[in-house]
Amino acid sequence: MRTTLRSLSRDPSAMTGAAIVAVITLLALLAPVLGGDPDLLRPSERLQAPGTGGPLGTDEQGRDMWTVLLHGARTSLGIAAACTLLAIVAGFLTGVVCGYFRWVDAIVMRVIDGLMSFPNIILVMSLVGVLGRGVGPVLFGLTVVLVPPIARVVRAAALTARSAPMVESARALGARDSWILFRYVAPESVSVLIVQATMGFAATVLSIAALSFLGIGLPPDVPSWGASLSAAQQYAAVAWWIGVFPGAAILLTVLGLILLGDGLRDAMDPRARRLAELARSSKSSARSSRRVAATARSDEKDG
Amino acid sequence: MTTNSTDDILLDVRGLDIDVLTPEGPRRVVHSLDLTLRRRGTLGIVGESGSGKSMTATAVMGILPETAIASGQVLYRGRDLLSLPARERRAMAGREMGFVFQEPMSALHPTKTIGAQMAAPLRLHLGLTRRQARARSAELLDLVGIPPSRGVLDAYVHQLSGGMRQRVMIAMSISCEPDLLIADEPTTALDATIQKQILDLLAELREELGLSVLLISHDLGLVSRYTDDVVVMLDGHAMESGPTDRVVSAPESGYTRGLLEASPRLGDSPDRLPVIDKSRFTKAVQ
Amino acid sequence: MLSYVFKRLLALIPTVAVPMVLLFVLLRLTPGDPAAVILGENATATEIAELRTELGLDAPMWQQFLDWLARMARFDFGESIFLHAPVAELVLSAALVTGQLALISMLLALLIGPALGAVAGATRSRALDRTMVVGSAVGVAMPTFWLAILMVMLFGVTLQWLPVAGFTPITEDPVQYVRYMALPCLALGTLEAATLFRYSRNGVLDAKHQPFVATARAQGLPERTITRSYVFPAALAPLVTVVGLSLASMLGGAVVTENVFSLPGLGKLLLTAVERRDYPLIEGCIFFIAVAFVLVNLLVDVVAATLDPRIRLEAKE
């Protein structure tokens, strides 16, 4: 774990990602302090350009754009965090059960295959359509699509743990199955889970934005990046800032998460780690630096 | 060694050092190595994995991995290959020297037919047309014991058996009639019975085409049956070199003696496999 | 080959079955009377009772399920509750638009992505590679609908080159068709190209270090030839499979993009259905999308098998 963190700290793109994610999280947490009242509608100050009506201007309802963005971050990150946590719990349980009970596995894995190959956003839309609008269905839909990849990873770890000698001996010593699971499967799968969770988080931020943009996500009075964008098209000719800032916020957040996720994956993959170090060692030997840089570049993975 | 006129020497390696870049910095894997291969002669390099023997072979061929650097002299017909420009060096590969890899399965392209892979150097070096190259490839396959009726030219590598793949590899390596053939553990990936067939094939081709052969192997017993001279390597150093008969019958180095004892013989069923304590010899070297 | 296609088809069944069963179960598990929920607060008792019968909600669960299975097997999705037209008709005409959008965008992505990926993987210029990698990361992180909105703002509103929304079938007016389709296809295609770029770049980087490259070097072939005819073919053969996966993300993007440009495709139809909780229409859309998805993946598998001799051999067995 320590080596993982160390090699992560030497990966510039991962550190950029981490910094972006940290700043946005901080802004979201401090939204009430840094911004004004997101519910304050000032019809007289609609569509003010950045600088005049506030640092980033005002939207079509006269709300301060900067405040709306800050609270949009709270919404996005909050929901994405909730969904990711729920999905980790559900995915972990599913994966462990599948890894241990073969007959459950046969059925559940088919279901997971089906869910994984279907386009996420379409599935979530249809679930919202069946269950009705509101935070509950949206949370449910977004969580359901995150579970399959997590369950797969955990299942693989559970299958390995099942046949590992130390688990056999733990069982022979009379350890309870549930204890064995927790003791061996959790650490085995934790590193891959972190990567999956980061990527899932990014996908969820995108999905919430898309749903809100379509107007079937959150209630209209909740500030969100996607909902702001749906007004942008209508006012494109007079207020470019409504279309640019919320989109940039989504892009930055997702980009930060993806860079961080890629970096985490590389840091946990020993081969990639070795190559990253190889690239650094080139500084010591001027003669070979070009050559090593070429090799290390060609070996690094990014997706 | 008997005195040779310089004309008689095809390959003369002098003070070859090879450094590999590692996370901890450059590491020397071959230390001032000397090799001499006479025209139409055979030279074996024997050593355990990690002894630097394969690195030496790839350095001679000019196909070292990008993370490795060779210095010293590799004289081929009196010209130092290490000081040649990359383009000239590359042009010699395939034309002047052929290389047989250890793992034909991965050394052959997965999605190109054998015929296409064989034709490329024939067209490049010999200027053959597509049709001529195909005819020549069929002849070459015949030469290594694959009759045209097998349809190998249109096959892909995964459709062939292990022995067949290595025969194809050999046919490719000699296709432009090189003078030097470098075989890097050519039989390690094969079954014991096929091993002998392949080595006999190499010996036959050497006679027929007048090749000089550099044979790399971890098996001193095997090398002793097919080479005139041998170099025994340990951790990048030459421990012993000389005529194979002499090295095998009266080894000077204790390490060579250890290798000889470790090499399995037919009918032998030792209770324990012999173990060589490398550290004893490594100390002597340093 | 036929048994291979059949085997692949079997493996793809869950893709259709799982979402459909999920919808079936969830509708019936929703608290309250689904018919009343679907029709909203202003519905009369008779209307609700009618819908209950139409959806077969009065029968016991197991019978509902069997009826439902039988209807699905006959491709009978009934009638849209609000559009008062057969679901199959609505879905098919919308699918035609989405199909064109997806196909053109995918072609565009295939034209840009792999070529740039191959260049980035093969180039010796670190700066060029870095620039392209950063660009692709932005492309992957960018929401399709935001790019669409930005394009509308730039080309539609500021420059006024292209219409911002609408659709004309190609049979009616080919020029208008191109004008309407240009922006949606550009938005979807560019972003999908970013994904294909990353796959092909990694493929090239992997292939560059395969032993067969050393063999080609030992044959004396020049680096340029090795890259072009040894590294690229090995790297790009698996890309066909990626296209199948890409299609899933692209359909998702298409659904949202259609709504930016008011294209009368499946995405717009599904949104209408979802907004009004038009259950038969949702069911029809999902079924069609899933089936189309399975068929395209099957096609991709067959193409992959013909391109890659290893898969072809496997397919024969």
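Before reading further, recall that the structure is shown in the block above.
Note that the structure is predicted; figures quoted are calculated from it, not measured.

Time to look at the overall build of chain A. Secondary structure summary: chain A contains 13 helices and zero strands in total. Long-range pairs, those at least 24 residues apart, make up 69% of the contacts in chain A with a sequence separation of at least 6. Summed over all atoms, the accessible surface of chain A reaches about 13,200 Å², with 66% contributed by carbon and sulfur.

So, about the packing of helix α5 (residues 102-117) of chain A against helix α7 (residues 135-163) of chain A. All names here are of chain A. As a packed pair, α5 and α7 sit with axes 9 Å apart at the nearest point and diverge in direction by 145°. Classified by chirality, the crossing of α7 by α5 is left-handed. Note on element contacts: α7 touches α5 through Val144, Pro148, Pro149, Ala151, Arg152, Arg155, Leu159 and Arg162, opposite Arg102, Asp105, Met109, Ile112, Asp113, Leu115 and Met116. Split into classes, the residues belonging to the contact of α5 with α7 amount to nine nonpolar, no polar and six charged.

Now for the sheet that holds strand β6 (residues 97-100) of chain B. Residues and elements named next belong to chain B. Taken in spatial order, the six strands make up an open sheet running β6-β7-β8-β3-β9-β10, and their pairing is mixed. At either end of the open sheet lies a strand with only one pairing partner, and these are β6 and β10 (237-243). Sheet twist, expressed as the average angle between the axes of neighbouring strands with direction ignored, equals 15°. Taken together, the five bridges between strand β7 (residues 180-184) and strand β8 (residues 212-217) define a ladder with parallel strand orientation. Within β8, the position partnered with Asp184 by the bridge is Ile216. Set on the sheet, helix α10 (residues 254-262) makes contact with β3 (42-47), β9 (229-234) and β10; between it and β9 the angle comes to about 100°.

On to the interface of chain C and chain A, then. The interface of chain C with chain A comprises 55 residues on the first partner and 54 residues on the second. For the pairing of chain C and chain A, the buried interface totals around 4,800 Å² over both sides, and the portion due to carbon and sulfur atoms is 71%. The largest contributions to the chain C side of the interface with chain A come from Phe145(C), Trp146(C) and Met153(C), which together make up 12% of the buried area. Taken together, the links from chain C to chain A amount to one salt bridge. A salt bridge links Arg198(C) to Asp262(A); the nearest nitrogen and oxygen atoms lie 3.1 Å apart. Here chain C is connected to chain A by four residue pairs in polar contact (both at pLDDT 80 or more). Within the residue set of the side of chain C that touches chain A, elements represented by two or more residues are α1 (2-29), α6 (126-141), α7 (144-158), α8 (174-208), α11 (239-261), α12 (266-275) and α13 (279-307) of chain C. Grouping the constituent residues of the side of chain C that touches chain A by class yields 36 nonpolar, nine polar and ten charged.

Moving on, we get to a negative patch on the surface. Residues and elements named next belong to chain C. A grouping of Glu47, Glu50, Glu54 and Glu79 is seen on the molecular surface, where their side chains present a negatively charged patch. Relative to the helices and strands, Glu79 is located in the loop between α4 (61-73) and α5 (87-122). A relative accessible area of 40% places Glu79 in the partly exposed class.

Let us look at the sheet that holds strand β4 (residues 68-76) of chain B. Residues and elements named next belong to chain B. Here we have four strands laid out as an open sheet, ordered β2-β1-β4-β5, and antiparallel in their pairing. Either end of the sheet is taken by a strand with one partner, and the two such strands are β2 (25-38) and β5 (79-80). Relative to β2, strand β1 (residues 9-22) is paired through ten bridges, and the arrangement is antiparallel. Residue Leu16 lies in a different strand from β2, and its bridge partner there is Leu33. Set on the sheet, helix α1 (residues 53-61) makes contact with β1, β2 and β4; between it and β1 the angle comes to about 115°.

This part takes up the pattern of salt bridges. In total, this model carries 24 salt bridges over all chains according to the counting rule given. Overlapping salt bridges bring together Arg110(A), Asp113(A) and Arg152(A) as one network.

Moving on, we get to α7(C). Residue and element names in this part refer to chain C. Taking 1.5 Å of rise per residue, 15 residues should cover 21 Å, and α7 covers 20 Å from first to last C-alpha, within 8% of that figure. Along α7, the helix axis deviates most sharply at Val152, where the bend reaches about 25°. Counting buried positions along α7 gives twelve out of 15 residues, so the element sits mostly inside the fold. For α7, the complete set of buried residues consists of Thr144, Phe145, Trp146, Leu147, Ala148, Ile149, Met151, Val152, Met153, Phe155, Gly156 and Val157.

Rules used throughout
Residues numbered from 1 in each chain as written. Chains lettered and ligands numbered in written order. Predicted model: local features only at pLDDT ≥ 70, side-chain atom pairs only at ≥ 80, totals over all residues. Heavy atoms only, no water. Helix = DSSP H or I, 4+ residues; strand = E, 2+ residues; numbered from the N terminus. Contact = heavy atoms within 4.5 Å. Areas by Shrake-Rupley, 256 points an atom, 1.4 Å probe, with all protein chains shown as cover. Axes fitted to C-alpha atoms, helices over the stretch in contact; angles between N-to-C directions. Left-handed = near helix turned anticlockwise from the far one by under 90°. Nonpolar A, V, L, I, M, F, W, Y, C, P; charged D, E, K, R; others polar. Pairing = 2+ DSSP bridges. Buried area = accessible area lost by both parts, 1.4 Å probe. Salt bridge = Lys/Arg side-chain N within 4 Å of Asp/Glu carboxyl O. Polar contact = N/O pair within 3.5 Å; in protein donor to acceptor, adjacent residues only side chain to side chain. Patch = residues over 30% accessible without salt bridge, like charges linked within 9 Å, V, L, I, M, F, W, Y side chains within 5 Å. Lys, Arg positive; Asp, Glu negative; His and termini not counted. Charge placed at Lys NZ, Arg CZ, Asp CG, Glu CD. Buried < 20%, exposed > 50% of the residue type's maximum accessible area, 1.4 Å probe, protein only. Expected span 1.5 Å × (residues − 1). Bend = angle between axes of the 7 residues up to and from the residue.

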